[in-house]
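# Coordinates in review
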Amino acid sequence: MSLCGSFLSDEQFLCSICLDVFTNPSSTPCGHSFCMACISRYWDGSKVCQCPLCKKTFQKRPELQINRTLREITDQFRSMTAGGNEKRGGRGGGGGGGGGIPDDLIDELKKKLPRPPLQLSPTMPCETQGVSILTPPCTTSLASSVPNDSPIAALTNPSGPPPPLPPYSRGRRRFTMSGAATSSRLPVCEIHHRGIVIYCQTDRVCICPQCETEDHHDHDTVTLEAEWMETKDQLSASEQEVQGMIRRRIRKIEEIKLSATELELAVERETAGSVCLFSELVSAIERSQAELMEVMEMSRRAATHQADAMVRQLELEVEELRRRESALAELAQSDDYMHCVKTFPVLSSPPPAKDWSEVSVNSDLGTGTIYRSLAAVVERFQEELLIIAETGFPASVLAPSPVRYQPRMRRVEEYAVDVTLDGHTAHARLILSEDLKSVRCGDRHQTLPDNPERFDRVVCVIGREAISSGRHYWEVEVGGKTDWDLGVARQSINRKGKIEVTPSNGYWFLSLRDRKKYAFRSEPSTDVHLKLRPQRIGIFVDFEKGQVSFYNVDAKIHIYTFKDTFSECIFPFFSPCTNKSGKNDGPLIITPVNWTE
C-alpha cells in the first residue's frame, strides 16, 4: 500500500504560511515546521520573533536549519503522488484514498485567495495528538459551490459568518514532525483518544470533540480558550483578593514584630524604672526611718527635759513641806504657849503649791498610725505582686491565650487540703481505692445502689469535701493517661443522663483527649496547646473571688484560670474517662502536696 493511499494526505505536507508543499522545511524551537524561505520572510523586519502557529515568543531569533528528515519525506510524497506540479506535489486527486483536496479545487482556491505570506490569523491553534488546527486569513470569499462539509469551507465566508461547525473542525489541520511534543502539552480523552479542547458549560467538564458529539450535543459548549478568557476576569478578581489578604497579613506580621520590639523596649524601660523605683523607695524608707528616729529622739529629749523640770519643782515643794513638818514637830514639843499659838496658824496653812493630780508624762509617741498605714500599703503591694506572679501581665501584643508560660507559679501550697473521693457519687464502672485517693475505670458495671447522688452515664466522681469559702488547693497525678477531666463541680449539678459540662451548668474543669488535645470546657470550648505535658495537675480554688486555677505542678507553670461567681457549694471533680480497651486504664491519684521553698 502506498504512503499516499494509506493514511497521508497532501494537507499534512503544506506550509501554513504559503499553503504549499514544504520546500526546504525548517523546524522552529517550539516544534512547528515551515518553508525555510517563508519563515525567514515572516521574521524579517520583526522586532520579536513569534511562531506563526503557537505564538511562542523567542527572545533571540533562532538559527534555523533545514529539517532533512522532513524534506526527504516530502520529496518521497511528491514522487509517490506524481499528480501535480513541482511545488504542490500530488494532491491525491479528487478520489484519492488519502483524503486529499482535488487539484482543480486547490487551483481555484489559489486564484481567488491571494496569499499574504506574513499575515496570519490571530486564532490560537488547537492541537490534538500531533495535529494542529489553524484558521488562516481569508480576504476573498470562495464560490458558494464549495461544500460546507469540505475542509476548504473553513477558509470561506460567502455571506457573513460560516455555517456552525464543531470547534474542532473550524480550521485547517496539518501534520508536523513535532506531534509528540505538541501532544504532551494537550490532555487526551481516555475514551476517544482525541485532544480535549472543548468545555461543556452545562456539565462543567472538559471534553473532546467526539464527547461533544455523542454526549453533549444539546449542551452549551465553547472552546477551552474562550472559557479561559471569560474566567480570567474572575481569576483577576480572586488574585487581587488573595494579594490583598497577603498584604494585610504582611502588615500584621510587621505590626506584631514592631509590637514585640516595642514590648521588649518597654520591658527594658520598666526593668530599669523598677530598679530605680525600688532603689528610691528603699532610700525613701531609710530617710523616713532616720527622720522618724530623729523625731522620736527629739520627743524623748523634750519629754526628759520636761520631766526633769517637773521633778525639780516637786523636789523643792517636798523640801518646803519637810521644813514645815520639822517646824510643826518642834512646835509640838515647845512649852511656850504664846509662841505656839502665834506660830501654829502660819505653819498649819498649806504652802503655795501646784496641783499635780492631772500632770503626767505621755509615753505614746504617735507612731502607731504611721506603722498601720505603712503596713496597709505593704500588704496591698504584696497582693498586687502576687496576682502578677500568678497570672502574669496582660498580653498586650498577641491575641489572648489561655496559657501563659512566662509567669512563675504562685505558691499556693499553703492552702493545701486533704481531698478524698465520695463513693456514693461514683459511676458504676469506676473502681475506687480503699483510701479513696485514686480512681480508675473498669471494663464492666458493678452492682451498686442507684442513689440520687450517683452519676449513671458519665464516668466521673466528686470529692467528699465541700468548698463554701476560703482558698483550697490539691494535686492530682495523671501519669500517662490518654483521657481525663479534672476541676470542680457545683453541688446541684445534674447527675443522671446526658450532661452538658459547661460553667453555666456548674462545671469548671480541664480536659485531655487522645493524649495531646487539652481543652477547657468554657463556652465555647477553649483548646490549649501545652509544650510540656503535665504529669501532675494542681487545682486552686478561691471561693470569694470566684477563681478556679490549674497548674502544671512539675514545671511550676500556671495554665489557666476560670473566673466566675459561686452561688453555692462546689466539690472537687474527677473523671478518668473510659479505659478504651486498656489504653486508658491508668488511675487518677490524689497526691500529697509537697511544700516548696
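This report concerns the structure included in the present document. A quick note: this is a predicted structure, and the numbers were derived from the prediction, not measured.

### Notes on the overall build of the chain
Looking only at helices and strands, one finds nine helices and 23 strands in the chain. Burial status across the chain gives 36% buried among its 597 residues. Within the chain, contacts between residues separated by at least 24 positions form 60% of all contacts whose residues are at least 6 apart in sequence. Surface accessibility of the chain: about 36100 Å² in total, with carbon and sulfur atoms responsible for 54%.

### With respect to helix 8 (residues 337–348)
With 12 residues, helix 8 extends 16 Å from end C-alpha to end C-alpha; this agrees with the ideal 16 Å at 1.5 Å per step. Contact partners of the buried residues in helix 8: helix 7 (224–333).

### Remarks on the nonpolar core
Burial of nonpolar side chains together is a common tendency in soluble globular proteins. Core analysis: the biggest nonpolar cluster contains 36 residues, and W474, W484, I537, V541, V548, F550 and F574 have the highest contact counts within it. Leaving out residues up to four positions away in the same chain, V548 has contacts with V488, W508, I539, F540, V541, Y560, T561, F562 and F566. Of all hydrophobic cores here, the second largest spans 18 residues; its members include C30, C35, W43 and L53.

### Section: the sheet that holds strand 17 (residues 517–520)
Read from one edge of the open sheet, six strands run 13-22-15-16-17-18, paired in antiparallel fashion. At either margin of the open sheet sits one strand with a lone partner, and together these are strand 13 (461–462) and strand 18 (526–528). As paired strands, strand 13 and strand 22 (residues 570–575) are joined by two bridges and run antiparallel to one another. Opposite I462, over in strand 22, you have F573 as the bridge partner.

### Some points on the environment of L512
Mapping L512 onto the fold places it in strand 16 (residues 507–513). In contact with L512, not counting residues within four places along its chain, are K481, T482, D483, W484, K517, Y518 and R533.

### What about the sheet that holds strand 10 (residues 221–223)?
What holds strands together in a sheet is hydrogen bonding between their backbones, with the strands either parallel or antiparallel. Taking strand neighbours across the sheet as the criterion, the three strands line up as 9-8-10 in an open arrangement whose pairing is antiparallel. Each edge of the open sheet carries a strand with a single partner, namely strand 9 (205–207) and strand 10. Between one strand axis and the next, the sheet turns by 35° as a mean value, whatever way the strands run. Alignment of strand 8 (residues 198–200) against strand 10, held across three bridges, turns out to be antiparallel. Residue pairing for strand 10: C200 is matched across the bridge by T221. Each of strand 8, strand 9 and strand 10 is contacted by helix 7, which is oriented at about 90° to strand 10, the strand it contacts most.

### Thoughts on the pattern of salt bridges
Two side chains that carry opposite charge are able to pair once their charged atoms sit near each other. Taken as a whole and assessed by the stated rule, the structure comprises 16 salt bridges. Here D483 and K580 are joined by a salt bridge, their closest N and O atoms 3.1 Å apart. Of this pair, D483 sits in the loop between strand 14 (471–477) and strand 15 (484–490) while K580 sits in the loop between strand 22 and strand 23 (588–591), and the two are 97 residues apart along the sequence. Residue D483 is classed as buried on the basis of its relative accessible area, which comes to 3%. The partly exposed category is assigned to K580, whose relative accessible area is 35%. Connected through shared salt-bridge partners, D483, D514, K517 and K580 make up one network.

Cut-off values and rules
Residues numbered from 1 in each chain as written. Predicted model: local features only at pLDDT ≥ 70, side-chain atom pairs only at ≥ 80, totals over all residues. Heavy atoms only, no water. Helix = DSSP H or I, 4+ residues; strand = E, 2+ residues; numbered from the N terminus. Buried < 20%, exposed > 50% of the residue type's maximum accessible area, 1.4 Å probe, protein only. Contact = heavy atoms within 4.5 Å. Areas by Shrake-Rupley, 256 points an atom, 1.4 Å probe, with all protein chains shown as cover. Expected span 1.5 Å × (residues − 1). Core = buried A, V, L, I, M, F, W, Y, C linked by side-chain atoms within 4.5 Å. Pairing = 2+ DSSP bridges. Axes fitted to C-alpha atoms, helices over the stretch in contact; angles between N-to-C directions. Salt bridge = Lys/Arg side-chain N within 4 Å of Asp/Glu carboxyl O.

Purely spatial values, then, with no claim about function.
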